[in-house]
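Summary of structural features
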Amino acid sequence: MKTTLKLLVGLLALLLLFMVASLAWTLHKKQPVRDGAFELVRLQAPVTVQYDARGVPHIEARYEADLYRALGYVHAQDRLFQMEAMRRLANGELAEIFGADLLPTDRLMRALGLRHHAKRMATAMDPRSPETLALLAYLDGVNQYQATQPLPVEFNLLRIAPRPFTPEDSLAIAGYWAYSASSAFQTEPVMTFIRDQLGVRYLEAFSTDWSSQGIAAAPRLAASAAGAHPGVALTEGDWRSLNQWARVNREASTVWGAPRFQSGNAWAVSGRRTASGKPLLAGDPHMGFSVPASLYEAHLSAPGFTLYGHFQALMPFALLGHNQDFGWTLTMLHNDEIDLVAEKPNPSNPNQVWHQEQWVDLKVRNETIAVKNAPSIHLRLRTAPHGPVISDAFQDAAGRTPLALWWNFYQSDTLFSAWYALNRANTLERARDAASQMHSPGMNLVWAGAKGDIAWWAVGRITQRPGGVNPMFVLDAGRGEAEKAGDYHFSFNPHEENPARGYLVAADNLPQSGTGVPVPGDYLLGDRFAWLDQLLSDPATVWTLDTAKKLQLDVCTGYPERVLRSALPLLEAVVTDDNERAFLEPLQKWDGCYTTNGIAPTLFRQFSFELANAAFADELGAMQFANLLASPALDHALPALLTQVQSAWWDDVRTPQQENRFEIVRIAWSRTFSHLQALYGTHLTEWTWGHNHSLTHRHPLGRQTPLAWMLNVGPFALPGGREAPNTVWGPLGPGPWAATAGPAARKLVDFGNPGQGEAMGPLGQSGVPMDRHHADQSKRYLTGGYAPMWLAPQDISKHTRSTLTLQPPL
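Residues numbered from 1 in each chain as written. Predicted model: local features only at pLDDT ≥ 70, side-chain atom pairs only at ≥ 80, totals over all residues. Heavy atoms only, no water.

What follows concerns the overall build of the chain. Along its length, the chain carries 25 helices and 32 strands. Over its C-alpha atoms the chain spans a radius of gyration of 27 Å, differing by no more than 12% from the 28 Å that the globule rule assigns to 810 residues. Expressed as lengths along the three principal axes of its C-alpha atoms, the size of the chain is roughly 85 × 75 × 75 Å. The buried share of the chain, reckoned over its 810 residues, is 63%. Contacts in the chain between residues far apart in sequence, at least 24 positions, make up 72% of those at least 6 positions apart. As displayed, the chain has an accessible area near 30,500 Å², and 54% of this comes from carbon and sulfur atoms. With 68 positive and 76 negative side-chain charges, the chain shows a spacing of 6 Å between the two charge centroids. (Helix = DSSP H or I, 4+ residues; strand = E, 2+ residues; numbered from the N terminus. Rg over C-alpha atoms; globule rule 2.2 N^0.38 Å. Buried < 20%, exposed > 50% of the residue type's maximum accessible area, 1.4 Å probe, protein only. Contact = heavy atoms within 4.5 Å. Areas by Shrake-Rupley, 256 points an atom, 1.4 Å probe, with all protein chains shown as cover. Lys, Arg positive; Asp, Glu negative; His and termini not counted. Charge placed at Lys NZ, Arg CZ, Asp CG, Glu CD.)

Next up on the list: the sheet that holds strand S27 (residues 737–738). Taken in spatial order, the three strands line up as S26-S25-S27 in an open sheet, and their pairing is mixed. Bordering the open sheet on either side are strand S26 (713–717) and S27, each of which pairs with just one other strand. Looking at chain direction, strand S25 (residues 693–697) and S26 are connected through three bridges and run antiparallel. In the sheet register, Leu 695 faces S26, and the bridge partner there is Phe 716. (Pairing = 2+ DSSP bridges.)

With that settled, consider the nonpolar core. Residues Phe 206, Trp 245, Trp 407, Trp 419, Trp 457 and Phe 616 are the most contacted members of the largest nonpolar core, which totals 195 residues. Counting residues per element, this core draws most heavily on helix H19 (residues 600–629), which supplies 15 residues. Beyond its immediate sequence surroundings of up to four residues, Trp 419 is in contact with Phe 317, Ala 318, Leu 319, Trp 328, Leu 330, Met 438 and Met 443. Counting residues in hydrophobic clusters, the runner-up holds 24 residues, among them Leu 333, Ile 454, Leu 504 and Phe 751. (Core = buried A, V, L, I, M, F, W, Y, C linked by side-chain atoms within 4.5 Å.)

Within a beta sheet, neighbouring strands are joined by backbone hydrogen bonds and run either parallel or antiparallel to one another. The strand order across the open sheet built from three strands is S17-S10-S21, with neighbouring strands paired in mixed fashion. Each edge of the sheet is formed by a strand with only one pairing partner; in this case those strands are strand S17 (403–407) and strand S21 (475–476).

Looking now at the environment of His 310. Structurally, His 310 can be placed in strand S7 (residues 305–311). The spacing of His 310 and Pro 471 is 161 residues in sequence and 33 Å in space, taken between C-alpha atoms. Excluding residues that lie within four positions of it along the chain, His 310 makes contacts with Leu 295, Tyr 296, Glu 297, Ala 318, Leu 319, Leu 320, Ala 745, Lys 747, Ala 759 and Met 789.

The complete set of buried residues in helix H5 (residues 114–124) reads Leu 114, His 117, Ala 118, Met 121 and Ala 122. Relative to the axis of H5, the buried residues are bounded by an arc of 140 degrees and lie together on one face. Where H5 is buried, its residues meet helix H2 (64–91), helix H4 (103–112), helix H8 (167–180), S17 and helix H12 (415–422). (Arc of directions from axis to C-beta.)

Of all five residues in strand S10 (residues 338–342), five are buried, a share of seventy percent or more. Every second residue of S10 is oriented toward a common face, with Ile 338, Leu 340 and Ala 342 on one face and Asp 339 and Val 341 on the other, all of them buried. Pairing between S10 and S17: five bridges, direction antiparallel. Paired with Asp 339 across the two strands is Trp 406, which belongs to S17. Across two bridges, S10 lies against S21 in parallel orientation. Considered in S21, the bridge of Val 341 is made with Leu 475.

Time to look at the packing of aromatic side chains. Any pair of aromatic rings gets described here by the distance separating the centres and the angle formed by the planes. Tallying each qualifying case throughout the model produces 32 aromatic pairs. Seen from their ring centres, Phe 673 and Trp 687 are 6.0 Å apart, and the 55 degrees between their planes marks the pair as tilted. Taken together, the residues span a long stretch of sequence, with Phe 673 in helix H21 (residues 661–680) and Trp 687 in the loop between H21 and helix H22 (689–692) at a distance of 14 residues. Of the aromatic side chains, those joined through ring pairs into one cluster are Tyr 179, Phe 185, Trp 245, Phe 394, Trp 407, Phe 409 and Tyr 410. Taking the ring centre of Tyr 51 as reference, the NZ or CZ of Arg 34 above it sits at 5.7 Å. (Phe/Tyr/Trp six-rings, centres within 6.5 Å; stacked < 30°, edge-to-face > 60°. Lys NZ or Arg CZ within 6 Å of the ring centre and 35° of its normal.)

Before going further, it helps to examine the pattern of salt bridges. Following the criterion strictly, the structure yields 36 salt bridges and no others. Linking Asp 196 and Arg 195 is a salt bridge whose minimum nitrogen-to-oxygen distance equals 2.7 Å. Assessed through its relative accessible area of 8%, Arg 195 is described here as buried. Here the residues in one salt-bridge network are Glu 84, Arg 87, Arg 88, Glu 93, Glu 96, Arg 110, Arg 115, Arg 163, Asp 169, Arg 365 and Glu 367, joined through shared partners. (Salt bridge = Lys/Arg side-chain N within 4 Å of Asp/Glu carboxyl O.)

Moving on to unusual backbone geometry. Across the chain, the bulk of peptide bonds are trans and the bulk of non-glycine residues have phi less than zero. Ser 440 connects to Pro 441 through a cis peptide bond whose omega is 0 degrees. With respect to the helices and strands, Pro 441 occurs in the loop between helix H13 (428–436) and strand S18 (443–449). Cis geometry is adopted by the peptide bond preceding Pro 715, which originates at Gly 714 and carries an omega value of 10 degrees. Inspection of the secondary structure puts Pro 715 in strand S26.

Moving on to the confidence of the model for the chain. Here the chain averages 92 in pLDDT, and 93% of its residues register 70 or above. Contacts for the low-pLDDT stretch residues 214–227, under 50 throughout, to residues beyond four places or in other chains number 36 contacts. (pLDDT = per-residue confidence, 0-100.)

This brings us to the environment of Tyr 51. As for its placement among the helices and strands, Tyr 51 is situated in strand S2 (residues 47–51). On a C-alpha basis, the gap between Tyr 51 and Ile 454 in space is 32 Å, while along the polypeptide they are 403 residues apart. In this structure Tyr 51 touches Arg 34, Val 56, Pro 57, Val 74, Gln 77, His 799, Thr 800, Arg 801, Ser 802 and Leu 804, once residues within four positions along its chain are discounted.

With 19 residues, helix H6 (residues 130–148) extends 27 Å from end C-alpha to end C-alpha; this agrees with the ideal 27 Å at 1.5 Å per step. Where burial is concerned, most of H6 is hidden: 14 out of the 19 residues are buried. (Expected span 1.5 Å × (residues − 1).)

For the rest of this paragraph, the subject is the packing of H6 against H12. Axes are the key here: two packed helices are described by the angle between their axes and the distance separating the axes. The interhelical angle for the contact between H6 and H12, taken along N-to-C directions, is 90 degrees, at an axis separation of 9 Å. Our classification of the angle between H6 and H12 gives roughly perpendicular. Across from Pro 130, Glu 131, Ala 134 and Leu 135 in H6, the residues of H12 making contact are Phe 416, Ser 417 and Tyr 420. Tallied by class, the residues present in the contact of H6 with H12 amount to five nonpolar, one polar and one charged. (Axes fitted to C-alpha atoms, helices over the stretch in contact; angles between N-to-C directions. Parallel < 35°, antiparallel > 145°, perpendicular 65-115°, else oblique. Nonpolar A, V, L, I, M, F, W, Y, C, P; charged D, E, K, R; others polar.)

With that out of the way, let us pick up the pairing of strand S12 (residues 349–355). For strand S11 (residues 345–346) and S12, the ladder comprises two bridges, and the chain directions are antiparallel. Along S12, the bridge assignment pairs Asn 346 with Asn 349. In sequence, S11 turns back onto S12 through a hairpin of two residues. Pairing geometry for S12 and strand S13 (residues 358–361), over four bridges, is antiparallel. Residue pairing across strands places Val 353 opposite Val 360, the latter belonging to S13. Hairpin remark: S12 followed by S13, antiparallel, with two residues in the connecting loop; positive phi at Gln 356, about 50 degrees.

Here's what the structure looks like:
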């Protein structure tokens, strides 16, 4: 018996060893090849690709088409599965390879109609324009790699049949990124629910109006003004449909790991304030953490053109870029460019809605979603005059009111021409012209030139809305709230060029409009902007790359002080237990810095959630409270609520007695202490921010063991917080907390020596498991490391680790 058992154990061990060896050999065959020579058809001349120590390709070509064709080839070698996954996400084709769990996401994307709109945009592209030729050359390089080289291991695991990539795929992915930047599907349902279901007095805690003076004068909605609105007549079924869309939109990144545009910091200092006497540019756009990371670095060089850029999957034009003469970075603007519209249906004909004083037919299209190991799903999708009827995505939950989506992106027609122009915008005038062509999404674009100019433009179309219409709520089409008179001219967008103070900064905050044109939006807290502005305005600071790094990595913020200013006196009055009172001391002494060894950040984050839960959840219910937790509106509301002694939110409607501010704050603190004590007892080292705030880079296939062990990267203790310059985003909920988004790249360029700008990404260049550049930047990123972005030929040659030559067929 023992001999048989030993034999079985030995056979199992051999089988496991064989499987591991087979996997290792399979992965080895699929590793990127960064040296040698390969043929690439349609090249006009050989192209040289020199890889540096981080695996960044420095591509040199004689012709622009060859340059973009080579970029597509090397980008695909490192990121082909990312390209495939993003294409399927934008086109609503994930369930075909992942199964029914991803069907809700596919339904959402099909109803959104990104691929439908991408086809129209592709048809309208000028086939002879330089941006179209560049895109086609890039896609040809991607497709040639896919057709001739080993496919990524994910293609084998998911049994993906490769298909050529098309301009429609690139445009659909661009649409997804634009859509991902909006929080409309969380904010607008919950704000509308509060106004129409609870009453306008509950809105007093929220900032729902716009001010041309920026964050310094952000107003709160007066109950009298809100009371004039009769509300939107949504049925229970309509709310069910809207809530289903909001839930799927909210959970897409959790279920599959879909990356999103989140926020960012962007600033520029003029040469009067720098040691070099030239402008300094700094940027760190915040995007969802994922495997691989969202951005890919590459340096392009051809006669008359050079650019070091950060690129997105299937995009030939850099999102961030610089060369010896100019550079730019960006953040999200968060202007309101998406409206949820309650159409007025014809009682006699459900396929008609009221528009411009008459009943009009809804357009209908039918789509089929393939589902792995299950029957296909058929959708009947309608389009109203204001946009696609998103309530058709979940027809089992749909009410009688067609809920449509109006979106600036649907009006876009200059997407790639704008980015092609920006990649070559070596003067202030050219940069301004490129910015004027950017219609969606809304962004803060910060540009600097070696000749001394610095500029900021709020880019994106600013829509003219009817007077008195607030797009923070679901709009009533029957009353004409969704009609648009057009767009303001770009010159009316908020902007600054070469300000006298000598610096510019944007941080997703409510912008100041010099023209007075309304720019309503779902803006993030102004505290990060205020912190950056305060430090940048210090006349004693002489700016260098080193001082810029300190600011970019700063983990401090004034937001906790704003909350605790009102909360601590209340806590000191109501917390009587000696043990609980002892834990108030870290908050009383806290400087607002999210360091990994601090206890105060953990206490503050947990208390913030418990306060929101105790104040809002009883009135809102689970669905709308989840929307509020995912909306910027909550961060604005907490410090305001604490100052409002008589707010309606202080009563718990589930109890017969009338609660007050003191009681709700006491309950929030008691739950904070109980939650953390249940997790860690009295082991205070486990109460620290580093123990409770972590980052795991997750692969789309990393939801299950053993693939999670093989494909995910982390966890790592993570400094920073959602209000600090070193911004890290994650859900506001009970601890511990997993970070979901943060700087997708930290980038610094001093135009006194632009050839040695510095950057760092969160993970690595390669999306290929086991490749040496798969996660080689992850630890340096966490500790605030940077690496040079070489531009000069002599620097590139000195730091080249391998050279790949792409050449025309013999």
